[in-house]
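These are the residues of each chain, in order.
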Amino acid sequence: MPRRTPAARLGQMEGPGNTSIPPIDLTSDEHFMGEALRQARMAYDAGEVPVGALIVHNTKIIARAFNQVELLKDATAHAEILAITQAAHALGDWRLEGSTMFVTKEPCPMCAGAIVLSRVKRLVFGVRDERAGGAGSVFPITSAKGLNHTVEVVAGVKENEARELLQSFFRKRRAEG
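Residues numbered from 1 in each chain as written. Predicted model: local features only at pLDDT ≥ 70, side-chain atom pairs only at ≥ 80, totals over all residues. Heavy atoms only, no water.

With respect to the overall build of the protein chain
Okay, step 1: In terms of helices and strands, the protein chain carries six helices and five strands.
Okay, step 2: Going from N to C terminus, the protein chain has its helices and strands arranged as α-α-β-β-α-α-β-α-β-β-α.
Okay, step 3: Here the protein chain holds 177 residues, and 42% of them are scored as buried.
Okay, step 4: Within the protein chain, residue pairs in contact and separated by at least 24 positions form 56% of the contacts whose partners lie at least 6 positions apart.
Okay, step 5: Carbon and sulfur atoms make up 55% of the accessible area of the protein chain, which totals about 10,200 Å². (Helix = DSSP H or I, 4+ residues; strand = E, 2+ residues; numbered from the N terminus. Buried < 20%, exposed > 50% of the residue type's maximum accessible area, 1.4 Å probe, protein only. Contact = heavy atoms within 4.5 Å. Areas by Shrake-Rupley, 256 points an atom, 1.4 Å probe, with all protein chains shown as cover.)

Encoded structure:
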């Protein structure tokens, strides 16, 4: 029996003019932001502002959350805060050193402060919040030099999907009165 190439085993065509589909990188910012967007859709379905967050440590997801302010009747129940709490439990330490948070919308000042205080290494977000962003758009909390920790920030990952989800939610809310 002839040996089949990896591409042939996956049903991909090889040869001149044929390109194979690149493999999915399960450790990329885009992959993890896709997971955060799934959380945001859960918030949308629950009638919450559609923001989703997750925290990754050593390429493993250790926390997932979405906004639950209305559900819990708690102004602090933002996706980021809930994810930080889950991650601290998962690691057994409030210090989330070496972790990356993925969130669909730029964190507010409260959440940006919590991200700094919990010592998250990287923050990756989708869409900027030009009204109250705490990661540089309005308030530069994640990069404030006077604090004991600063956070590396990457903005704009899956920005269009995150923006469309938020805009759709608020269009629907306005239409409902």
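Re the packing of aromatic side chains
Okay, step 1: Counted according to the given criterion, the structure contains three aromatic pairs.
Okay, step 2: Consider the rings of Phe32 and Phe102, whose centres lie 5.3 Å apart with planes at 40°: the pair is tilted. Residue Phe32 is found in helix H2 (residues 29-45), and its partner Phe102 is found in strand S3 (residues 99-105); the two are separated by 70 residues along the sequence. For the residue pair Phe32 and Phe102, the accessibility class agrees, reading buried in each case. (Phe/Tyr/Trp six-rings, centres within 6.5 Å; stacked < 30°, edge-to-face > 60°.)

Some thoughts on the side chain of Gln68
Okay, step 1: Relative to the assigned elements, Gln68 resides in the loop between strand S2 (60-66) and helix H3 (69-72).
Okay, step 2: Aside from chain neighbours lying at most four places away, what touches Gln68 is Glu48, Lys73, Ala77 and Leu82.

Structural notes on the packing of H2 against helix H6 (residues 159-176)
Okay, step 1: Across the interface, H2 lies against H6 with an axial gap of 11 Å and an inter-helix angle of 0°. Taken as axis vectors, H2 and H6 run roughly parallel relative to one another. Each of Leu37, Ala40, Arg41 and Tyr44 in H2 lies in contact with H6, whose residues at this interface are Glu161, Ala162, Leu165, Ser168, Phe169 and Lys172.
Okay, step 2: Of the residues in the contact of H2 with H6, the class split is six nonpolar, one polar and three charged. (Axes fitted to C-alpha atoms, helices over the stretch in contact; angles between N-to-C directions. Parallel < 35°, antiparallel > 145°, perpendicular 65-115°, else oblique. Nonpolar A, V, L, I, M, F, W, Y, C, P; charged D, E, K, R; others polar.)

Some thoughts on the confidence of the model for the protein chain
Okay, step 1: Taken as a whole, the protein chain shows an average pLDDT of 91; of its residues, 89% reach a score of 70 or greater.
Okay, step 2: The low-confidence segment residues 6-14 (pLDDT under 50) makes eight contacts with residues lying over four places distant or belonging to another chain. (pLDDT = per-residue confidence, 0-100.)

Let's talk about H2
Each turn of an α-helix holds 3.6 residues, which means side chains three or four residues apart point in the same direction.
Okay, step 1: Between its first and last C-alpha atoms H2 spans 24 Å; for 17 residues at 1.5 Å apiece the expected length is 24 Å, and the two agree.
Okay, step 2: What H2 keeps buried is the set Asp29, Phe32, Met33, Gly34, Glu35, Ala36, Leu37, Gln39, Ala40, Ala43 and Tyr44.
Okay, step 3: Buried positions along H2 lie against strand S1 (52-57), S2, S3, strand S4 (122-127), strand S5 (152-155) and H6.
Okay, step 4: Gly47 occupies a position one or two residues after H2 and carries a positive phi of about 80°. (Expected span 1.5 Å × (residues − 1).)

Side note on the pattern of salt bridges
Okay, step 1: On inspection of all chains with the given rule, the structure shows nine salt bridges.
Okay, step 2: Ionic pairing is found between Arg38 and Glu35, a salt bridge with its closest N-O pair at 2.7 Å. A residue pair is termed a helical-turn pair when its members lie 3 or 4 positions apart in one helix, as Arg38 and Glu35 do in helix H2 at three residues.
Okay, step 3: We classify Glu35 as buried; its relative accessible area is 14%.
Okay, step 4: Two residues, Asp129 and Lys105, come together in a salt bridge whose shortest N-O distance is 3.1 Å. One end of the pair, Asp129, is in the loop between S4 and S5; the other, Lys105, is in strand S3, and 24 residues separate them in sequence. Lys105 matches Asp129 in its accessibility class, with the two residues each being buried. (Salt bridge = Lys/Arg side-chain N within 4 Å of Asp/Glu carboxyl O.)

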